Amino acid sequence: RIAAGDTHLYSLLDATRRLVAGNLAEPPTFPADARGGGTFRYVLPGDDRSAAARLAAGRVLSLSNGVSLVVARDIEPQRIYLAATNRALGIGMALLALVGLAAGVALGRHILKRVDSMTAASRSIMAGNLAERLARSGTNDELDRLGESVNAMLDRIEQQGGAGLLEQYRRG
């Protein structure tokens, strides 16, 4: 497997941690809490030392006479894939947040425009123009239902001689 040049890494270390055989240039150092294995950075023998260290995951097996066998696998492609996935997710979430914010602002402006229209119509009605009606958008939403109710109330007031009621309301 070493000769095939695949992503498997091996090292046979003697009791002094000197490399006896394998394709790792130096023995890996695992974190203290790794319990015999974990991830580590390595450079393959023959690679330029200025080359970036690759990431590998492996395990140390203790054999007789203090000899250790390190069995590992290069996981650099998975690390690169994970980094690219995280970057894409971050960009996607940022774009989603921007689109959501833009949609919220647009919806808010649309609703406030309708409320401003209803406010202007109600001020005209309070000024004595009982023929004025609240505009409806035809969507049958809450504002349309409110406009429908107020318009029905104004129709009824007009039918019952609303001019006198309005004058009485103004005098207080």
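The text that follows walks through the structure, step by step, so that each part is easy to find. The model shown is predicted, which means the values in this text are computed figures rather than measured ones. (Residues numbered from 1 in each chain as written. Predicted model: local features only at pLDDT ≥ 70, side-chain atom pairs only at ≥ 80, totals over all residues. Heavy atoms only, no water.)

## What to know about the sheet that holds strand β5 (residues 68–74)
Ordered in space as β2-β1-β5-β4-β3, the five strands form an open sheet in which the pairing is antiparallel. Both edges of this open sheet fall to β2 (19–22) and β3 (37–42), since each of them pairs with a single strand only. The sheet shows a mean angle of 30 degrees between the axes of neighbouring strands, direction not considered. Judged from the seven bridges that link them, strand β4 (residues 54–62) and β5 form a sheet pairing that is antiparallel. Along β5, the bridge assignment pairs Val60 with Val70. (Pairing = 2+ DSSP bridges. Helix = DSSP H or I, 4+ residues; strand = E, 2+ residues; numbered from the N terminus. Axes fitted to C-alpha atoms, helices over the stretch in contact; angles between N-to-C directions.)

## A word on the side chain of His8
With respect to the helices and strands, His8 occurs in strand β1 (residues 8–13). For His8, a relative accessible area of 18% translates into the label buried. Only 3.4 Å separates the side chain of His8 from the side chain of Arg73, close enough to count as a polar contact. (Buried < 20%, exposed > 50% of the residue type's maximum accessible area, 1.4 Å probe, protein only. Polar contact = N/O pair within 3.5 Å; in protein donor to acceptor, adjacent residues only side chain to side chain.)

## Focus on the side chain of Asp14
Here Asp14 is to be found in the loop between β1 and β2. The class of Asp14 is buried, set by a relative accessible area of 17%. There is a polar contact of 2.9 Å between the side chain of Asp14 and the backbone nitrogen of Arg18.

## Remarks on a nonpolar patch on the surface
Where nonpolar side chains cluster on the molecular surface, the patch consists of Ile91, Leu95, Leu98, Leu101 and Val105 and spans about 500 Å² of accessible area. Assessed through its relative accessible area of 55%, Leu101 is described here as exposed. (Patch = residues over 30% accessible without salt bridge, like charges linked within 9 Å, V, L, I, M, F, W, Y side chains within 5 Å. Areas by Shrake-Rupley, 256 points an atom, 1.4 Å probe, with all protein chains shown as cover. Salt bridge = Lys/Arg side-chain N within 4 Å of Asp/Glu carboxyl O.)

## Some details on the nonpolar core
Counting residues in each nonpolar core, the largest one holds nine residues, listed as Leu9, Leu13, Leu24, Phe30, Phe40, Tyr42, Ala56, Val70 and Ala72. If near-sequence neighbours (up to four positions away) are discounted, Tyr42 is found in contact with Leu9, Leu24, Ala53, Arg54, Leu55, Ala56 and Asp74. (Core = buried A, V, L, I, M, F, W, Y, C linked by side-chain atoms within 4.5 Å. Contact = heavy atoms within 4.5 Å.)

## Some points on the pairing of β1
β1 sits mainly inside the fold: five of its six residues count as buried. Summarising the sheet, β1 and β5 pair through six bridges and their orientation is antiparallel. Directly across from Ser11, in β5, lies its bridge partner Val70. By the bridge criterion, three bridges tie β1 to β2 in an arrangement that is antiparallel. Each bridged residue has a counterpart across the sheet, and for Leu13 the counterpart in β2 is Leu19. A loop of five residues connects β1 with β2, the two strands running antiparallel in sequence, and Arg17 in this loop sits at a positive phi of about 65 degrees.

## Points about the pairing of β4
As defined by bridge partners, β3 adjoins β4 across six bridges and the pair is classed as antiparallel. From the neighbouring strand, Tyr42 faces β4, where its bridge partner is Arg54. Count of turn residues in the β4/β5 antiparallel hairpin: five residues, of which Asn65 carries a positive phi of about 60 degrees.

## So, the pattern of salt bridges
Tallying each qualifying case throughout the model produces nine salt bridges. A salt bridge links Arg133 to Asp155, with the shortest nitrogen-to-oxygen separation between them at 2.6 Å. Residue Arg133 is found in the loop between α1 (76–126) and α2 (142–159), and its partner Asp155 is found in helix α2; the two are separated by 22 residues along the sequence. By relative accessible area, Arg133 is classed as partly exposed at 23%. In the salt-bridge network here, residues are joined through shared partners; they are Arg41, Glu76 and Arg79.

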